[in-house]
Amino acid sequence: MKTALKCCDSTIQVTQELIDVWDEKFFKMLGEPVRMEILKYLMLHGRSDIGSISESLPQDRSVISRHLQLMLDNGVLNCEKETRHRYYSISGPELIKKMELLMDSLRKCISVCCP
């Protein structure tokens, strides 16, 4: 015998808000070990070009370039072009904003559905 779930409007609302801010592409981006290594590198060394970044990682430069582009597309990195070089840095405010938005929604949802 199946038990029907009883949902009130507030539970449905906060759950939907959490689903709306849960950015799957963002978490998939963070879940890749190479991208985490790139983030670690940039945290330790600051603004860097692809040559410097790729020297510290075992992947080909073209692979690192694709990872950097994906991170840039997800708002995790900034990119500045100077002459022929592109310099990447972590977009701290954007990263914090994404995480805080998720945490705020998660707190609301947990307080309603599983206190």
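If you're wondering where the values come from, they're calculated on a predicted model, not measured in any experiment.

A. Representation of the overall build of the protein chain in the model. When its secondary structure is counted, the protein chain shows six helices and three strands. The N-to-C order of helical and strand elements in the protein chain reads α-α-α-β-α-α-β-β-α. A compact globule built from 115 residues should have a C-alpha radius of gyration of about 13 Å, whereas the protein chain, at 19 Å, is more than 25% larger. Along the first, second and third principal axes, the C-alpha atoms of the protein chain reach 65 × 30 × 20 Å. Across the 115 residues that make up the protein chain, the buried fraction comes to 30%. Of the roughly 8,200 Å² of accessible surface on the protein chain, a fraction of 56% belongs to carbon and sulfur atoms. For the protein chain, the centre of its 16 positive side-chain charges and the centre of its 16 negative side-chain charges are spaced 3 Å apart.

B. Molecular detail of the sheet that holds strand β2 (residues 77-82). Reading across from one edge, β1-β3-β2 is the order of the three strands in this open sheet, with antiparallel pairing throughout. Every interior strand has two partners, whereas the edge strands, β1 (48-49) and β2, have only one. Where β2 and strand β3 (residues 85-90) come together, six bridges link them in antiparallel fashion. The partner of K81 across the bridge, within β3, is R86.

C. Focus on the packing of aromatic side chains. Within the structure shown, the criterion is met by zero aromatic pairs. A cation sits over an aromatic face here: R47 above Y87, 4.3 Å from the ring centre.

D. View of the environment of L77. Here L77 lies in strand β2. Under the relative-accessibility criterion, L77 is labelled buried at 3%. Taking C-alpha positions, L77 is 29 Å from T15, a pair spaced 62 residues apart along the chain. Ignoring any residue separated from it by four or fewer positions in sequence, one finds L77 in contact with L39, L42, L68, M71, L72, Y88, S89, I90 and S91.

E. Highlighting the side chain of S48. When you line up the elements, S48 lands in strand β1. When its relative accessible area of 5% is taken as the criterion, S48 is described as buried. Apart from the residues lying within four places of it in its own chain, the contact partners of S48 are Y41, L42, I53, R86, Y87 and Y88.

F. Highlighting the packing of helix α1 (residues 9-21) against helix α6 (residues 92-113). It is the contact of α1 with α6, at a shortest axis distance of 9 Å, that shows an interaxial angle of 155 degrees. Considering their axes alone, α1 and α6 lie roughly antiparallel with respect to each other. In this structure, α1 crosses over α6, and the sense of that crossing is left-handed. Taken together, the residues of α6 that come into contact with α1 (itself represented by S10, T11, V14, T15, E17, L18 and V21) are L101, L102, S105, L106, K108, C109, V112 and C113. Considering only residue class, the contact of α1 with α6 consists of nine nonpolar, four polar and two charged.

Rules of the game
- Residues numbered from 1 in each chain as written.
- Predicted model: local features only at pLDDT ≥ 70, side-chain atom pairs only at ≥ 80, totals over all residues.
- Heavy atoms only, no water.
- Helix = DSSP H or I, 4+ residues; strand = E, 2+ residues; numbered from the N terminus.
- Rg over C-alpha atoms; globule rule 2.2 N^0.38 Å.
- Buried < 20%, exposed > 50% of the residue type's maximum accessible area, 1.4 Å probe, protein only.
- Areas by Shrake-Rupley, 256 points an atom, 1.4 Å probe, with all protein chains shown as cover.
- Lys, Arg positive; Asp, Glu negative; His and termini not counted.
- Charge placed at Lys NZ, Arg CZ, Asp CG, Glu CD.
- Pairing = 2+ DSSP bridges.
- Phe/Tyr/Trp six-rings, centres within 6.5 Å; stacked < 30°, edge-to-face > 60°.
- Lys NZ or Arg CZ within 6 Å of the ring centre and 35° of its normal.
- Contact = heavy atoms within 4.5 Å.
- Axes fitted to C-alpha atoms, helices over the stretch in contact; angles between N-to-C directions.
- Parallel < 35°, antiparallel > 145°, perpendicular 65-115°, else oblique.
- Left-handed = near helix turned anticlockwise from the far one by under 90°.
- Nonpolar A, V, L, I, M, F, W, Y, C, P; charged D, E, K, R; others polar.

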